[in-house]
Amino acid sequence: MAPITNGAPAPKKRIAVMTSGGDSPGMNGSVRAVVRMAIDQGCEAYCVYEGYEGLVQGGDLIRQAHWEDVRGWLSEGGTLIGTARCKAFTERPGRLKAAKNMIDKGINALVICGGDGSLTGADTFRGEWPSLLEELVKNGDISTEQQKTFQYLNIVGLVGSIDNDFADTDATIGCYSSLGRICEAVDYIDATAFSHQRAFVIEVMGRHCGWLALMAGVSTGADFIFIPESPPDRDWEDQMCDIISKHRKLGKRKTIVIVAEGAHDLDLTRISPNKVKDLLSTRLKLDTRITTLGHVQRGGNACAYDRQLSTLQGVEAVNAVLEATPETPSKFIAIIENKIVRNPLIEAVKSTQEVAEAIKAKDFKRALDLRGPEFAEYHQAYMMTTATDQPALRLPKQTHMNIAIIHVGAPAGGMNSATRAAVAYCLSRGHTPIAIHNGFPGLVRHHADEPVGSVRYVQWLDVEGWISKGGSEIGTNRDLPSKVGMGETADCFNIYKFDALFIIGGFEAFTALSELRKARPDYPAFRIPMMLLPATISNNVPGTEYSVGSDTCLNALTSYCDAIKQSASASRRRIFVVETQGGKSGYIATMGALGIGAVAVYTPEEGINLQMLGRDIEHLKQSFAKDKGQTRAGKLILCNEHASETYTTEVVANMIREESKGRFESRFAIPGHVQQGGTPSPMDRVRAVRLAVKCIQAIEQYAGKSKEEIMEDDLSMAVIGVKGISVVFGAMERLEREETNWNHRRPKDESWLQYKKTVDTLSGRPRPEDCCTSCGKKR
């Protein structure tokens, strides 16, 4: 479409999207989402190439984007529309050119994905917009009609930054992909360090923000970390060496120290990796090496979470643009815990900049507070679980508890991370952690085995290396207390004097806790605090919107589908129907489809019928007919294993092949238990640590209480969960009664169901109301 130069109003709202600042994995997902959502909403989409430089230069650097232009972008790293530093835009004449170029193209809304500098520039641009238009009219560059037509500029920000250094959001686009690179590198280094009993000092990015260093420390079990928001004490050299020496004396063969590139001491003197290395080498006589990861942290494809985040935020950005009024202040799209929200842009930019100011002023408490409660909780969890002997944390002896830890259900990534954190926290507080091996059958049938029974007291060194291990190191089992005997289970509780039970697992674990709760009146042994941390790839536990292990599963599924898509792309005219796990919950299928850009997704909640298949097959026919070979991106459909008893994955693939009449091919693929993942994802590791510590802290509140007092407290048996913007404990009795669909083994209300519509919208899947019921063609 030709640019508007005659003052006529744009026939449709025109929304431009650009990426600016440093690139981050997931930026392409946000561009794809903005372009397709804008088109779906009847708008025209434009891409601004090379960031603000493209906005200032104009011309072919601002061009219309069509539906197929962004096909296959989800799996690409970096930013395909480019980014560049632009000094011209920092000055008013440059912004004047940018305004003229936008009006020439008829653009009246701008979505910007970048860091705090980029978003600050965007808000400045919006604030100046009326005066810029006045100057353009005065100079004769635009007409008064154009000034009236484009008198308001809507701007929405998306935060793309691997440092996760932006205020009022828990995660920025790209940060978990970057953390994944760090964890992968440290895991590799860990093996070498163990083999040679070496120490490694790892430098990670983070000039003013220690998020990457902190989370790397949490998710790799590092011995010591240095972050700019919380410098170590003045005697940090002695403190670090003391901790590492104790770990070595306990038998630990390796040492990992994480240093943020912006690390410094209380006097703001930089703490360099070389300084740390010299200390470890000279004082502790350790064979010490330095690894600086550099831009490896920034590159590569986006992980599943960043693909989902960028997609959902891109969709919300378009909604925010369409709903904005001239009085609406500039917003940016954030995520708080598990909820996508719109937050004021200028306040967040101000808070972000205040962190650096607080650090410069040596007000480190304020700097830590400005990072938000989640950052502070992770920092506290790390400090409480990293060192073996911390007298200041130890509770009075009369409040010490015997805390049993058990895994129930199928294995899930992060189970071991949660166990390690629970054990370390218990030991730091003076509690006795007891591991129950192989679930309830292990407890009842093998607790007295010789030479080693299934009930074992755990020391720190036993679990020290578990944080990066997949599966379940203490074993897990699906059998419930009712199957192995409720009385026998109670007897074992009494024999080992359990004061509390920490359960890690999925729906079977939830069911087990329900059985124990109902048995409390008959068995006093069960009148102890019991906490459940949901850990299952299916994410189907009532009381939470997130289960440990589900992110690892989605990463494994995404990698598998990327490889399948490559195969489909090679022949161009091929579609794969991929079967996903998840039981009778369609969470994995839906979120997987969101992250890979699937053509369609079939879930148990919606089921499959002939009309649905007819519409989808007709859509595929039309899609392949329009494909002239300009792109070789493959097509995928995700089908949950229980979406239909009749229309199985193989049947669906065969029906598509039959109806294609040779115009395209159809295959099916079943990744199976590959989806349980190998090494847990960083998100599953860090959340497992945080939630495990919270569970043990909740258990501690019952120390010294009578069995009757515990019985009367509904929260003495609870599920920890992420719900909306909060981490909450849900009482089991209420969850069983109000929130559980027992027949289908899932929550009654599943928050992710809203994203099914997003998958359909961004894939272009036809809506039922728009199609003929008999042939599936669009009316």
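Residues numbered from 1 in each chain as written. Predicted model: local features only at pLDDT ≥ 70, side-chain atom pairs only at ≥ 80, totals over all residues. Heavy atoms only, no water.

- Per an unreviewed UniProt entry, the protein chain goes by ATP-dependent 6-phosphofructokinase and derives from Letharia lupina.
- Database annotation for the protein chain, UniProt heading Function (unreviewed entry): "Catalyzes the phosphorylation of D-fructose 6-phosphate to fructose 1,6-bisphosphate by ATP, the first committing step of glycolysis."
- What UniProt states about the protein chain under its Cofactor (unreviewed entry) heading is, verbatim, "Mg(2+)". (UniProt positions renumbered as here; feature names shortened; annotations may be inferred.)

**A few points about helix α10 (residues 304-323)**
Okay, step 1: Helix length check: α10, at 20 residues, gives a terminal C-alpha distance of 29 Å against a target of 28 Å (1.5 Å per residue), a fit within 8%.
Okay, step 2: Of all 20 residues in α10, 17 are buried; the element is thus mostly enclosed. (Helix = DSSP H or I, 4+ residues; strand = E, 2+ residues; numbered from the N terminus. Expected span 1.5 Å × (residues − 1). Buried < 20%, exposed > 50% of the residue type's maximum accessible area, 1.4 Å probe, protein only.)

**A look at the sheet that holds strand β10 (residues 331-336)**
Okay, step 1: Here we have seven strands laid out as an open sheet, ordered β3-β2-β1-β4-β5-β10-β11, and mixed in their pairing. Lying at the two open borders of the sheet, with one neighbouring strand each, are β3 (62-65) and β11 (339-344). The average angle at which neighbouring strand axes cross in this sheet is 30 degrees, direction not considered.
Okay, step 2: Pairing between strand β4 (residues 109-114) and strand β5 (residues 154-159): six bridges, direction parallel. Residue pairing in the sheet places L110 in a bridge with I155 of β5.
Okay, step 3: Together, β10 and β11 form the strand contacts of helix α11 (residues 345-360), whose direction differs from that of β11 by roughly 85 degrees. (Pairing = 2+ DSSP bridges. Axes fitted to C-alpha atoms, helices over the stretch in contact; angles between N-to-C directions. Contact = heavy atoms within 4.5 Å.)

**Notes on the confidence of the model for the protein chain**
Okay, step 1: Per-residue confidence for the protein chain gives a mean pLDDT of 92; residues scoring 70 or more make up 96%.
Okay, step 2: Confidence over residues 1-10 falls short of pLDDT 50; this stretch has 23 contacts with residues more than four positions distant or in other chains. (pLDDT = per-residue confidence, 0-100.)

**With respect to the side chain of D265**
Okay, step 1: Looking at where D265 falls in the secondary structure, it is placed in the loop between β8 (255-260) and α9 (273-282).
Okay, step 2: Here D265 is buried and forms no salt bridge, its nearest opposite-charge partner K275 lying at an N-O distance of 5.3 Å.
Okay, step 3: Only 2.9 Å separates the side chain of D265 from the backbone nitrogen of D267, close enough to count as a polar contact.
Okay, step 4: A polar contact is formed between the side chain of D265 and the backbone nitrogen of T269, at a distance of 2.9 Å.
Okay, step 5: Setting aside anything within four residues of it in sequence, one finds D265 in contact with P231, W236, I271 and F364. (Lys, Arg positive; Asp, Glu negative; His and termini not counted. Salt bridge = Lys/Arg side-chain N within 4 Å of Asp/Glu carboxyl O. Polar contact = N/O pair within 3.5 Å; in protein donor to acceptor, adjacent residues only side chain to side chain.)

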